[in-house]
Amino acid sequence: MTGLTLYGVANGLIQYLLTHLYGVLPHPYFAFLVNGAVVTGLSVLVFAAILLGASMINTIMLIWFERKLLGRFMDRRGAMHVGYAGLLQNFADGLKLFRKHTYKPHDADALGFYVAPTAYLVSSLLIFAILPASTGWGAGALPLSLLLALVVFSFAPLFIFLSAWSQANKYSLIGGMRSAAQMIAYEVPILLAVVAVVIVSGSFDLTTIVTMQQNYWYWIPLLLALVVFVTGMLAEMERIPFDLPEAEAELVEGWNTEYGGMLFAFFMLSDYLRALIGSFLVVLLFFGGWTMPGWVPGPLTSFPLEGLFWFLVKTYAVFGVFVWIRASLPRVRTDQLLRIGWMRMVPLALLSIVLAVGLVLIRCLPLLGCLPSLGG
Amino acid sequence: MWINMGPQHPMTHGLWNLRVRIDGELILDVDPEMGYLHRGIEKISEDRHYNEIITLMDRTCYVAGMAWETLFVLGAEQALHVTPPERAEWIRVLSEEIQRLGSHIMWYAAFVQDLGLMSPFLYGMRDRDLLLDLLQSYTGARMTYEYNRVGGVRNDLPSGFTDRARKVCDWLEDRFREYDALCLGSAIFHKRCDGLGVLKAADCVRLGVTGPMLRSAGVKRDLRKDRPYSAYDRVDFDVAVAEGGDVTGRYLVRMEEMRQSVRIVRQALDWLDRNPGPCLAENLPRWLGAPYAPVGREGYLLRRNYPKGLGFSAIEEPHGEALAYVVNEGVEHPYRVKLKSPIFVNLSAAKEYLVGYRVADIPPIMGSVDICVGEVDR
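Worth saying up front: this structure is predicted, and the values here are computed from it rather than measured.

Our next topic: the overall build of chain B. A tally of helices and strands in chain B yields 17 helices and 8 strands. A compact globule built from 378 residues would reach a C-alpha radius of gyration of about 21 Å, and chain B, at 21 Å, matches this within 12%. A burial count over chain B gives 52% of its 378 residues as buried.

Put into structure tokens, the structure is as follows:
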């Protein structure tokens with residue numbers, strides 16, 4: 001598996017195609033086709049397209065998964081009619097939104113109104129190029145990939161506030177302010193919880209963090225950090241119980257009140273992209289990424305793309321927990337949310353850092369084994 | 001900054017407008033605006049036969065149509081000097097309690113939705129369907145029943161009804177535990193609802209607030225006990241009371257009322273099983289006794305020389321105390337019908353229980369008031 005990377009596949013494909021094209025058109029005029037820069041550029045494009053398609057399809061399946069699971073929690077079936085068990089329902093919904101007229105309120109600021117949803121979607125998609133879904137699925141060896149992913153992840157409040165302000169709508173403005181306050185408040189505990197993981201693994205590279213979990217997954221010693229991280233992610237994803245910015249009961253749709261059609265779909269899609277990213281991060285940081293523990297029988301871990309398979313299984317399981325939380329908890333209030341964030345989550349995250357430092361000092365835990373040395 | 005919550009807003013549960021002046025998230029002032037759903041029911045009633053008015057009463061409150069039918073029919077019977085048979089009274093008690101259960105479950109569903117709880121909303125709607133099925137099995141309709149008649153009820157219960165109803169009662173009693181687990185068992189629920197939207201007993205009395213809101217403030221007043229009508233003096237139940245007058249208190253009162261309603265339904269079913277008989281008074285004037293009021297010339301020829309009368313009825317509707325005043329001038333349609341809606345009063349007091357809380361508190365507080373705009377505007 002180590003030799004095969006997604007970029008390698010894309011590169012090989014392009015090289016094969018272009019060489020044959022040049023074979024058909026052997027005029028020197030077409031020599032640029034086999035130029036290294038052109039091949040690389042096209043390979044990157046194909047790589048990006050595959051990644052885009054994969055993340056989009058995954059997100060749409062994630063929405064389907066949530067709808068079905070939520071339906072079961074609510075004693076109903078969820079989408080049933082379009083496709084088998086409603087599998088194509090979200091494609092139908094997307095098409096419907098795509099066909100709809102995009103309406104801009106008269107007083108809304110055009111620049112912010114159109115740019116914000118697009119930027120929100122693009123910034124969310126960008127993270128997929130950073131996160132390694134399995135060995136060879138990342139854009140390459142980024143020594144600070146975790147940090148980069150979190151930085152891009154935290155662009156969101158800016159775009160949300162931009163769109164909220166540009167809509168010239170009071171509900172949107174309140175929702176946008178709530179959203180910005182909430183996301184900024186919860187970024188701190190998330191980063192601190194991540195610091196705990198980084199201390200134990202000794203690296204900001206997600207691939208390294210995953211390989212460092214070969215003896216045991218980090219959620220066992222760093223349970224506290226996991227709790228803080230998941231809670232913070234719930235707030236970042238704006239899901240119940242922390243979905244105040246779009247609390248539909250009081251703020252209609254919160255910061256995306258005035259959006260319809262495709263621009264609304266951008267927001268909706270980005271929300272789920274971010275939910276997917278959140279689940280990815282939880283799996284990568286705490287549940288061993290694409291690796292499985294050694295006691296899992298061999299046939300289960302030795303088939304083509306097994307890393308990707310297990311990674312997605314874990315991701316959907318984590319997301320299932322998010323759905324479970326959504327199905328069973330009421331939402332908290334803004335001031336309570338901020339108080340929980342600053343007064344509870346930050347100290348807990350600091351405590352988890354202390355625990356992580358302790359773990360690094362001890363190095364070996366009873367029953368679990370020792371930390372592998374860095375690079376090993 | 002003033003913001004309009006309504007008339008088209010997810011918080012309103014109907015067509016009304018709550019204007020809120022806010023400073024950040026803090027509520028400084030509120031101004032409830034009603035009247036968007038005014039259909040002139042009282043005025044239309046003056047031009048209709050008594051049994052035709054019943055269809056209007058169903059539409060007064062769309063989640064508690066049976067209660068409003070009963071209210072009007074009780075007033076009209078008094079005004080027209082008609083006494084219903086005892087079986088009809090028991091059927092009315094049964095219908096009204098089934099309706100109360102339906103209305104309260106509808107409230108539960110809407111209230112938890114306001115809090116952001118999604119599953120219990122669906123659970124509530126699922127369980128309410130069973131009650132609507134029960135009502136449908138003997139009235140033929142799920143929301144607008146047109147079942148009560150001046151002098152009794154339209155038809156008797158179908159065979160096998162009581163067993164079906166008992167099964168539903170068993171099911172519901174199980175579900176109430178589930179409802180409580182999802183709300184009272186959640187720390188976030190207490191964080192959100194304890195001490196929220198407080199309206200003290202003295203303020204309730206001063207403002208005329210009634211129903212679960214009044215009882216949640218610790219005042220033990222229930223017209224079913226204090227001024228019994230129909231067969232309520234013959235059933236055994238407790239008045240649900242809570243302390244504090246906050247959202248949690250209202251929740252507790254309504255949940256307890258649902259349990260008591262199941263108790264009453266069981267008693268009514270037992271009585272109805274034991275005592276068959278007519279359910280519509282005999283010797284009614286023809287324009288009253290006919291299943292549908294006569295129309296055209298014939299109907300007007302039949303009135304004359306009917307004794308005049310005044311009718312006043314007061315019932316404990318699911319939302320509070322509903323009063324009706326019916327003036328009979330000796331013709332086949334009432335001279336005046338006046339209805340007093342409990343929610344209109346409860347809603348008018350909004351300033352007292354909203355100011356000082358946060359914008360995010362508005363949905364749970366207004367949800368705990370249990371709004372049915374149809375009856376507010378009439």
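Let us keep going from here.
With that settled, consider the overall build of chain A. Helix and strand content of chain A: 14 helices and 2 strands. Its C-alpha atoms give chain A a radius of gyration of 22 Å, near enough to 21 Å, the size a compact globule of 376 residues would have. Each principal axis of the C-alpha atoms in chain A carries an extent, and together these give about 65 × 60 × 40 Å. When burial is assessed residue by residue, chain A has 44% of its 376 residues classed as buried. Counting only contacts in chain A whose residues sit at least 6 apart along the sequence, the fraction spanning at least 24 positions is 79%.

Let us look at the interface of chain B and chain A. Each partner contributes residues to the interface: chain B has 27 residues there, and chain A has 26 residues. Classifying every residue of the side of chain B that touches chain A gives 16 nonpolar, 4 polar and 7 charged.

We now examine the nonpolar core. Residue and element names in this part refer to chain A. Core analysis: the largest hydrophobic core is formed by 207 residues, its most contacted members being L131, L222, F229, V282 and L285. Take this core: its biggest share by element is 18 residues, from helix α11 (residues 261-286). For L285, the residues in contact, after removing those within four places along its chain, are V194, V197, I209, Y218 and F229.

A separate point is the packing of helix α4 (residues 86-115) of chain B against helix α5 (residues 119-139) of chain B. Residue and element names in this part refer to chain B. Following both chains from N to C, one finds α4 and α5 inclined at 165 degrees, their axes separated by 8 Å at the closest point. Judged by the angle between their axes, α4 and α5 are roughly antiparallel. Both α4 and α5 take part in a crossing whose hand is left-handed. Across the interface between the two elements, I98, L101, G102, I105, M106, Y108, A109, V112 and Q113 from α4 touch P120, F121, G124, M125, D127, R128, L131, L132, L134 and L135 from α5. By residue class, the composition of the contact of α4 with α5 is 14 nonpolar, 3 polar and 2 charged.

This part covers the sheet that holds strand β6 (residues 309-317) of chain B. Residues and elements named next belong to chain B. Here we have 3 strands laid out as an open sheet, ordered β6-β7-β8, and antiparallel in their pairing. Each of the sheet's edge strands pairs with one partner strand only, and the pair in question is β6 and β8 (336-340). Here the strands of the sheet are splayed against their neighbours by 10 degrees on average, with no regard to which way each runs. Pairing geometry for β6 and strand β7 (residues 320-328), over 9 bridges, is antiparallel.

The next thing to look at is the packing of α4(B) against helix α11 (residues 247-274) of chain B. Residues and elements named next belong to chain B. It is at 9 Å that the axes of α4 and α11 come closest, and there the two elements cross at 155 degrees. The angle between the axes of α4 and α11 places the two elements in the roughly antiparallel class. Two packed elements cross with a definite hand, and for α4 against α11 that hand is left-handed. Of α11, the residues touching α4 (which contributes R87, W90, I91, V93, L94, E97, I98, R100, L101, H104 and W107) are R254, E257, M258, S261, I264, V265, A268, L269, W271 and L272.

So, about helix α7 (residues 170-201) of chain A. An ideal rise of 1.5 Å per residue puts 46 Å on 32 residues; α7(A) measures up with 46 Å between its terminal C-alpha atoms. In the segment just after α7(A), G202(A) is the residue with positive phi, at about 75 degrees.

Our next topic: the environment of P32(B). All names here are of chain B. Mapped onto the fold, P32 is located in strand β3 (residues 26-33). On the basis of neighbour counts, which here come to 21 C-beta atoms within 10 Å, the residue P32 falls in the buried class. In the structure, P32 is positioned 14 residues away from L18 in sequence and 4.5 Å away in space, judged by C-alpha atoms. Not counting residues within four places of it along the chain, the set of residues in contact with P32 comprises W16, L18, L347, S348 and A350.

Right, let's get into the sheet that holds strand β2 (residues 17-23) of chain B. Residues and elements named next belong to chain B. Pairing in this open sheet of 3 strands is antiparallel, and the strands run β1-β2-β3 from one edge to the other. In this open sheet, the two strands that pair with only one neighbour each are β1 (2-5) and β3. Across the sheet, the mean angle from the axis of one strand to that of its neighbour is 25 degrees, orientation sign disregarded. Judged from the 4 bridges that link them, β1 and β2 form a sheet pairing that is antiparallel. The residue of β2 that forms the bridge with I3 is V20.

Our next topic: the environment of Y145(B). Residues and elements named next belong to chain B. Within the secondary structure, Y145 is located in the loop between α5 and β4 (148-149). For Y145, a count of 23 C-beta atoms within 10 Å corresponds to the buried category. With 86 residues separating them along the chain, Y145 and R59 place their C-alpha atoms 9.5 Å apart. Not counting residues within four places of it along the chain, the set of residues in contact with Y145 comprises D58, G65, M66, E69, L135 and T139.

For an α-helix, 3.6 residues make a turn, and residues three or four places apart therefore share a direction. All names here are of chain B. Within helix α16 (residues 362-369), 8 of the 8 residues are buried, which leaves the element mostly enclosed by the surrounding structure. Residues of α16 that are buried include every one of I362, P363, P364, I365, M366, G367, S368 and V369, and no others. D370 lies just past α16 and shows a positive phi near 65 degrees.

Here the focus is the confidence of the model for chain B. Residue and element names in this part refer to chain B. For chain B, mean pLDDT is 85; residues scoring 70 or higher make up 94% of the total. The element-level mean pLDDT for chain B is lowest in helix α13 (residues 297-302), coming to 48, with α11 highest at 91. Note that residues 298-302 has pLDDT below 50 and, in this model, 7 contacts with residues that lie over four places away or in other chains. Interface scoring of the predicted complex returns ipTM 0.77; its pTM is 0.84.

Cut-offs applied
Residues numbered from 1 in each chain as written. Chains lettered and ligands numbered in written order. Predicted model: local features only at pLDDT ≥ 70, side-chain atom pairs only at ≥ 80, totals over all residues. Helix = DSSP H or I, 4+ residues; strand = E, 2+ residues; numbered from the N terminus. Rg over C-alpha atoms; globule rule 2.2 N^0.38 Å. Buried ≥ 20, exposed ≤ 12 C-beta atoms within 10 Å, placed from the backbone. Contact = placed C-beta atoms within 7 Å. Nonpolar A, V, L, I, M, F, W, Y, C, P; charged D, E, K, R; others polar. Core = buried A, V, L, I, M, F, W, Y, C linked by C-beta atoms within 7 Å. Axes fitted to C-alpha atoms, helices over the stretch in contact; angles between N-to-C directions. Parallel < 35°, antiparallel > 145°, perpendicular 65-115°, else oblique. Left-handed = near helix turned anticlockwise from the far one by under 90°. Pairing = 2+ DSSP bridges. Expected span 1.5 Å × (residues − 1). pLDDT = per-residue confidence, 0-100.

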